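Working through the structure, step by step
Residue strings, one per chain:
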Amino acid sequence: MPTSLEKLQDMRRKSIFKVFEEKFRASIRITVGSATCENAAGATDVYERFQQNIQKHAGLEVILSKVGCAGRCDLEPMVTIVSHGQIPVKYMRVNPEKADKIFEDHILHGKVLEDFTMRRTAGLYNAQRVITVCGGKNCFDKHCSDIEKAFLENIQKLGIADKIILTRSACQGLCQYGPVCYVYPDGIMYQKLTPDIVKQICEEHLLKNHTLGQYTWTGERLTNRSFPFFGDVYFFGKQLRLTLRNCGVIDPESLDEYLAVRGYEAIAKILTEMKPQQVIDTVKKSGLRGRGGGGFPTGQKWQFAANQPDKEKYMICNADEGDPGAFMDRSMIEGDPHTILEGLMIAGYAIGASKGFVYIRAEYPLAVQRLEKAIADSKKSGLLGENILGSGWNFDIEIRLGAGAFVCGEETALIHSIEGSRGMPSPRPPYPAISGLWGKPTVINNVESLANLPVIILDGADWFSSIGTEKSKGTKVFALAGKVANTGLVEVPMGTTLREVVFDVGGGIKNSKAFKAVQTGGPAGGCLPAECLDTPVDYDSLNAAGSIMGSGGMIVMDEETCMVDVAKFFLDFTQSESCGKCTPCREGTRAMLAILQKITDGKGEDGDIEKLERLGSIIKNASLCGLGQCAPNPVLTTLKYFGHEYRAHIYSKKCPAGVCSALVTYNIDPEKCVGCTACKKKCPVNCITGDPKRIHAINQEDCIKCGTCLAVCKFNAITKS
Amino acid sequence: MEKDEKNMTCCCSCSSPNALPQEIVAYIHECMQKPHSESYLIPVLHKIQNHFGYLSPVYLEEVAQLMHIPASKITGVATFYHLFSFTPRGKNRISVCLGTACYVKGSGKLMERFKEKLGIKENETTPDGMFSIECSRCFGACALAPVVVVNDKVYGDVKPEQVEKILADYGFKK
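Treat the numbers as computed from the prediction; the structure is a model and nothing was measured.

**Notes on the overall build of chain B**
Regarding its fold elements, chain B presents eight helices and five strands. Expressed as a percentage of its 174 residues, the buried residues of chain B come to 51%. For chain B, the proportion of contacts with a sequence separation of at least 24, taken over those separated by at least 6, is 60%. Looking at chain B as shown, the accessible area adds up to about 8400 Å², and 53% of this sits on carbon and sulfur atoms.

Here you go:
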């Protein structure tokens with residue numbers, strides 16, 4: 001009898017063969033991003049246009065496929081052209097017309113259209129090779145800058161400087177082999193570099209195309225295999241993609257592609273070689289902590305449930321990503337749904353559950369659809385359901401939709417919602433691991449926590465725990481949004497500073513405005529100012545700064561954001577999402593919101609700040625669940641770091657950012673007004689008077705402070721104060 | 001009970017005709033065969049709302065009978081979740097995202113502009129039944145912020161000046 005692992009390996013061989021025949025044998029492969037945001041930006045039309053073009057040219061060896069979101073959300077729809085032996089070319093903001101041109105010039109005539117690619121990748125696609133030197137902490141300590149210098153000197157000496165591009169990457173998790181470098185598009189990783197080895201690499205590999213086998217790193221990691229498909233080395237190089245390893249690389253709707261990248265090997269391995277307790281011990285050793293926000297050690301949570309004598313136990317994947325501004329879970333499920341299923345199975349095996357649920361937001365129809373397909377496909381292949389891979393182990397997964405209640409992200413509320421009741425939290429203990437869904441031991445893990453499990457099983461707990469900080473291991477995915485240049489999904493090692501995330505990966509603030517604050521942890525988190533930018537991203541450091549890790553939403557704010565208004569916005573959210581069960585949260589948030597409303601209306605008075613602080617601390621201490629306990633965070637952190645803005649609103653009746661309309665007046669500077677009538681024509685309430693070529697004036701009584709005049713004036717004559 | 005369900009009239013004594021379409025009734029029967037059948041209440045409500053666009057008391061009454069769950073509990077559950085609506089919504093449903101990323105990029109102003117143009121408040125429908133407006137909390141398309149969704153079409157990076165144009169696309173006249 002073949003073991004489960006042997007069965008799986010046999011399946012993988014067949015899948016690789018199939019995927020190769022269908023997708024990789026062709027000399028050119030076109031991948032079009034396909035996720036909610038990609039489709040909203042027009043990816044479906046682009047895909048169809050490529051399809052039409054391919055049909056018109058019969059006999060052409062071109063394959064078109066869909067991939068999940070690669071994380072470059074602001075540049076969507078993205079199209080990648082992968083050709084053998086070349087660096088993948090990433091085209092951004094493609095529309096059907098651009099698609100025609102790309103097909104004509106690039107696919108048919110091999111000419112890269114640099115105008116349609118990102119500015120920062122200029123020259124990249126014409127380079128023969130790209131060398132990425134790891135600049136992670138360990139490699140840095142091992143003098144990676146000497147390595148870079150050696151590369152520069154040697155390529156110059158050999159006269160190939162114009163054909164080679166040198167870049168630096170974030171830690172790639174190969175610290176014990178460092179300093180390391182990666183050579184594109186060959187896909188070769190060189191380890192333990194010295195200036196002398198670099199000289200040999202330049203002379204032999206770069207000049208004569210002879211790989212130096214004695215210096216390559218040949219180990220296999222789940223995470224490094226996708227490098228050759230990333231293309232934009234500047235964006236991806238700054239990340240370490242463990243959970244997003246397949247997002248934007250494989251077709252999320254193809255089980256074969258997932259199997260080809262060692263999919264379901266982790267579950268096959270534990271079914272063949274490991275007892276449930278060994279799996280729990282491995283996860284404990286890895287130091288994985290819950291990625292949903294709380295940061296509770298995952299292995300420990302499992303242990304509680306595993307210790308229960310009950311025969312019936314449940315495993316739940318929490319994909320109720322309710323934080324506004326967060327889209328990690330959606331992208332992960334849309335981009336790589338099988339990983340979530342595999343993670344859920346690993347956890348189910350460890351705790352002794354035979355049934356798993358995915359609780360997902362109804363607002364994510366595409367993610368639901370892809371999960372449904374993934375479940376159906378894996379059931380058909382014997383990877384899910386009864387007697388999985390012939391091991392005798394049964395596990396079934398069911399999807400349950402949320403219905404728009406933020407509080408259902410809380411464990412006990414989520415359980416009530418699955419049970420078909422109002423999603424209101426219950427006091428803990430008993431913890432769900434002891435008595436959860438229908439009174440049975442239940443473990444609830446976040447999507448990202450589950451996505452880490454195959455990596456921990458296949459690449460080892462020791463390796464996983466070598467990444468990150470002392471108490472926060474591995475990586476964290478962030479949804480970077482707001483006023484940042486590169487919005488998108490990024491994954492960085494724990495311990496990376498906020499500054500690196502916002503400025504290096506995120507490219508800084510849009511339109512070169514000044515940075516004001518970064519908000520982590522969603523509506524329950526806090527806003528951190530510029531002084532806190534060097535805070536490392538890990539559970540404890542963020543807590544110490546007054547914010548929380550949360551699930552990973554990271555919203556950047558610039559000088560045009562009013563912090564009082566933002567605090568009011570968050571409190572308005574938590575207030576309306578409060579389930580109403582306990583008084584401090586229900587009434588307290590309402591009282592705080594009323595004070596904030598008063599302040600932004602210009603009616604703030606002495607003592608308001610103290611009242612907010614007092615109410616905040618009561619709500620934090622006396623609420624039943626996480627929602628209430630964290631609801632005052634945005635107000636308390638903004639009071640701590642941006643107290644001067646509150647005081648300006650209350651005492652000077654001014655909104656420094658010019659957002660709170662009750663405190664803003666628009667005026668026309670008579671020196672600059674030329675009487676062009678542009679503002680008068682556009683004013684929605686007709687409160688601007690003045691004849692053509694005469695100085696105009698705003699009637700303050702009628703002005704609704706919409707800001708239209710400011711936007712249309714070409715002479716900077718409108719002032720806002 | 002079994003006998004009543006097959007009748008063409010409502011199974012309670014209200015004598016109104018059966019309101020739920022056959023496929024939903026069949027789905028409920030299927031759920032009733034499964035363990036913990038009451039836990040399928042929310043999926044059933046989703047199906048009804050997807051079909052009719054809202055939940056009327058008549059449907060809820062019928063669900064209560066078919067699923068053997070008190071009507072009071074069903075109302076409690078349905079009113080708890082934001083996605084369920086109890087009034088018919090407009091032919092064109094406008095949803096302005098007021099999630100964080102959209103908000104810091106000015107979606108609050110978009111909401112004001114839509115309300116002003118249509119002359120209705122949030123969660124209301126225009127008298128001609130053509131438009132309704134609601135706020136939503138994040139579609140997860142934050143990179144396109146601010147986002148407005150009309151029916152199923154997503155508009156990204158919307159500016160206040162575009163509000164009239166979007167409304168005009170759906171036949172709105174001043």
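**Details of the overall build of chain A**
Looking only at helices and strands, chain A features 28 helices and 21 strands. Relative to the globule expectation of 27 Å for 721 residues, the C-alpha radius of gyration of chain A, 28 Å, shows essentially globular dimensions. Dimensions of chain A, computed from the C-alpha atoms along their principal axes, are close to 85 × 70 × 55 Å. Looking at chain A as a whole, 62% of its 721 residues are labelled buried. Counting contacts in chain A only where the partners sit at least 6 residues apart, residues at least 24 apart contribute 72% of the total. Of the side-chain charges in chain A, 85 are positive and 82 negative, and the distance between the mean point of each set is 1 Å.

**Observations concerning the sheet that holds strand β13 (residues 475-482) of chain A**
Residue and element names in this part refer to chain A. The sheet built from five strands is open, its strands ordered β14-β13-β17-β15-β16 with mixed pairing. Each edge of the open sheet carries a strand with a single partner, namely β14 (488-493) and β16 (526-529). Looking at each pair of strands side by side, their axes are set apart by 30° on average, direction ignored. In terms of strand pairing, β13 meets β14 through six bridges, oriented antiparallel. Across the sheet, residue Lys 476 finds its bridge partner in β14, namely Val 492. The sheet contacts of helix α20 (residues 498-505) involve β13, β14, β15 (515-520), β16 and β17 (553-558), and relative to β15 the element is tilted by about 115°. Across the sheet, helix α26 (residues 633-651) lies against β15 and β16, angled at about 30° from β16, the strand it touches most.

**With respect to helix α3 (residues 41-52) of chain B**
With 12 residues, α3(B) extends 17 Å between its outermost C-alpha atoms, agreeing within 8% with the 16 Å of an ideal straight helix rising 1.5 Å per residue. Turning to α3(B), its buried residues number three or more, namely B:Leu41, B:Ile42, B:Pro43, B:Val44, B:Leu45, B:His46, B:Ile48 and B:Gln49. In the core, the buried residues of α3(B) are packed alongside β11 (396-401) and α17 (411-418) of chain A together with α2 (22-32), α4 (57-67) and α5 (71-80) of chain B. Just beyond α3(B), the residue with positive phi is B:Gly53, at close to 90°.

**Section: the pairing of strand β12 (residues 442-446) of chain A**
All names here are of chain A. Counting buried positions along β12 gives five out of five residues, so the element sits mostly inside the fold. In β12, alternate side chains face the same way, and those of Thr 442, Ile 444 and Asn 446 on one face and Val 443 and Asn 445 on the other are all buried. Sheet topology places strand β9 (residues 314-319) next to β12; five bridges connect them, and they run parallel. By the bridge assignment for β12, Ile 316 is matched with Ile 444.

**Focus on the interface of chain A and chain B**
With 54 residues of chain A in contact, the opposing surface of chain B contributes 35 residues. Here chain A and chain B share an interface that buries about 3500 Å² over both sides, 60% of which is from carbon and sulfur atoms. Together, A:Ala403, A:Arg422 and A:Phe569 form the three largest contributors to the area buried by chain A at its contact with chain B, with a combined 17%. Between chain A and chain B we count zero salt bridges in total. At the boundary of chain A and chain B, one finds 15 residue pairs in polar contact (both at pLDDT 80 or more). Of all the secondary structure elements, the ones that give two or more residues to the side of chain A that touches chain B are α2 (36-40), β11, α17, β13, β17 and α22 (563-577) of chain A. Its residues placed into classes, the side of chain A that touches chain B shows 28 nonpolar, 12 polar and 14 charged.

**Points about a nonpolar patch on the surface**
Among the surface-exposed residues, A:Phe296, A:Phe304, A:Tyr431 and A:Ile434 lie close enough to one another that they form a single nonpolar patch of about 370 Å² accessible area. Tracing the chain through its elements places A:Phe296 in the loop between α12 (276-286) and α13 (298-306).

**Section: the nonpolar core**
All names here are of chain A. Grouped together as the largest cluster of nonpolar side chains are 132 residues, with contacts concentrated most on Tyr 264, Trp 302 and Phe 395. In terms of residue count, helix α15 (residues 337-351) provides more of this core than any other element does, nine residues in total. Once you skip the residues sitting within four places of it in the chain, Trp 302 turns out to touch Val 279, Ile 280, Val 283, Ala 347, Ala 350, Ile 351, Val 443, Asn 445 and Leu 453. Residues Ile 81, Ile 87, Ile 102 and Cys 134 belong to the second largest nonpolar core, which totals 58 residues.

**Some details on the sheet that holds strand β2 (residues 62-67) of chain A**
Residue and element names in this part refer to chain A. The sheet built from four strands is open, its strands ordered β2-β1-β3-β4 with mixed pairing. The outermost strands of the open sheet, each flanked by one partner alone, are β2 and β4 (89-91). Across the sheet, the mean angle separating the axes of adjacent strands is 20° when strand polarity is ignored. Sheet topology note: the strand β1 (residues 28-33)/strand β3 (residues 79-83) ladder contains five bridges and is antiparallel. When the bridges of β3 are listed, Val 32 appears paired with Val 79.

**Considering unusual backbone geometry**
Along the chain, A:Glu76 connects to A:Pro77 via a cis peptide bond; the corresponding omega equals -5°. Looking at the element boundaries, A:Pro77 is found in the loop between β2 and β3. Cis geometry marks the peptide bond from B:Ala145 to B:Pro146; its omega dihedral reads -5°. Looking at where B:Pro146 falls in the secondary structure, it is placed in the loop between β3 (131-136) and β4 (148-150). The backbone of A:Arg93 shows a phi angle near 45°, a positive value even though the residue is not glycine. Relative to the helices and strands, A:Arg93 resides in the loop between β4 and α4 (96-108). Even without being a glycine, A:Lys693 presents a positive backbone phi close to 65°. Within the secondary structure, A:Lys693 sits in the loop between β19 (688-689) and β20 (697-698).

**Let's talk about the confidence of the model for chain B**
Summing up the model confidence of chain B, the mean pLDDT is 85 and the portion of residues at 70 or higher is 89%. Contacts of residues 1-12 of chain B to residues separated by more than four positions or lying in other chains number 20 contacts, the stretch itself having pLDDT below 50.

**Focus on the packing of helix α23 (residues 583-600) of chain A against α26(A)**
Residues and elements named next belong to chain A. Where α23 contacts α26, the two axes come as close as 11 Å, and the packing angle between them is 35°. Each of Met 592, Leu 596, Ile 599 and Thr 600 in α23 lies in contact with α26, whose residues at this interface are Val 635, Tyr 646, His 649 and Ile 650. For the contact of α23 with α26, the residue count by class is six nonpolar, two polar and no charged.

**With respect to the packing of aromatic side chains**
Where two aromatic rings form a pair, the distance of their centres and the angle of their planes describe that pair. Evaluated as defined, the whole model comprises 18 aromatic pairs over all chains. Taking 5.2 Å as the distance between ring centres and 85° as the angle between the ring planes, the aromatic pair formed by A:Tyr258 and A:Tyr264 counts as edge-to-face. Ring centres of A:Tyr314 and A:Phe357 lie 6.1 Å apart, and the angle between their planes is 50°; this geometry places the pair in the tilted category. With A:Tyr314 in strand β9 and A:Phe357 in strand β10 (residues 355-360), this residue pair connects regions lying 43 residues apart in the sequence. For A:Tyr314, a relative accessible area of 5% puts it in the buried group. Here A:Phe357 falls in the buried class, since its relative accessible area comes to 1%. Following the ring pairs from residue to residue traces out a cluster consisting of A:Tyr314, A:Phe357 and A:Trp438. Against the face of A:Tyr364 rests A:Arg361, its NZ or CZ located 5.0 Å from the ring centre. It is A:Arg400 that lies over the ring of B:Tyr40; its NZ or CZ is 4.1 Å from the centre.

Thresholds, definitions, all that
- Residues numbered from 1 in each chain as written.
- Chains lettered and ligands numbered in written order.
- Predicted model: local features only at pLDDT ≥ 70, side-chain atom pairs only at ≥ 80, totals over all residues.
- Heavy atoms only, no water.
- Helix = DSSP H or I, 4+ residues; strand = E, 2+ residues; numbered from the N terminus.
- Buried < 20%, exposed > 50% of the residue type's maximum accessible area, 1.4 Å probe, protein only.
- Contact = heavy atoms within 4.5 Å.
- Areas by Shrake-Rupley, 256 points an atom, 1.4 Å probe, with all protein chains shown as cover.
- Rg over C-alpha atoms; globule rule 2.2 N^0.38 Å.
- Lys, Arg positive; Asp, Glu negative; His and termini not counted.
- Charge placed at Lys NZ, Arg CZ, Asp CG, Glu CD.
- Pairing = 2+ DSSP bridges.
- Axes fitted to C-alpha atoms, helices over the stretch in contact; angles between N-to-C directions.
- Expected span 1.5 Å × (residues − 1).
- Buried area = accessible area lost by both parts, 1.4 Å probe.
- Salt bridge = Lys/Arg side-chain N within 4 Å of Asp/Glu carboxyl O.
- Polar contact = N/O pair within 3.5 Å; in protein donor to acceptor, adjacent residues only side chain to side chain.
- Nonpolar A, V, L, I, M, F, W, Y, C, P; charged D, E, K, R; others polar.
- Patch = residues over 30% accessible without salt bridge, like charges linked within 9 Å, V, L, I, M, F, W, Y side chains within 5 Å.
- Core = buried A, V, L, I, M, F, W, Y, C linked by side-chain atoms within 4.5 Å.
- pLDDT = per-residue confidence, 0-100.
- Phe/Tyr/Trp six-rings, centres within 6.5 Å; stacked < 30°, edge-to-face > 60°.
- Lys NZ or Arg CZ within 6 Å of the ring centre and 35° of its normal.

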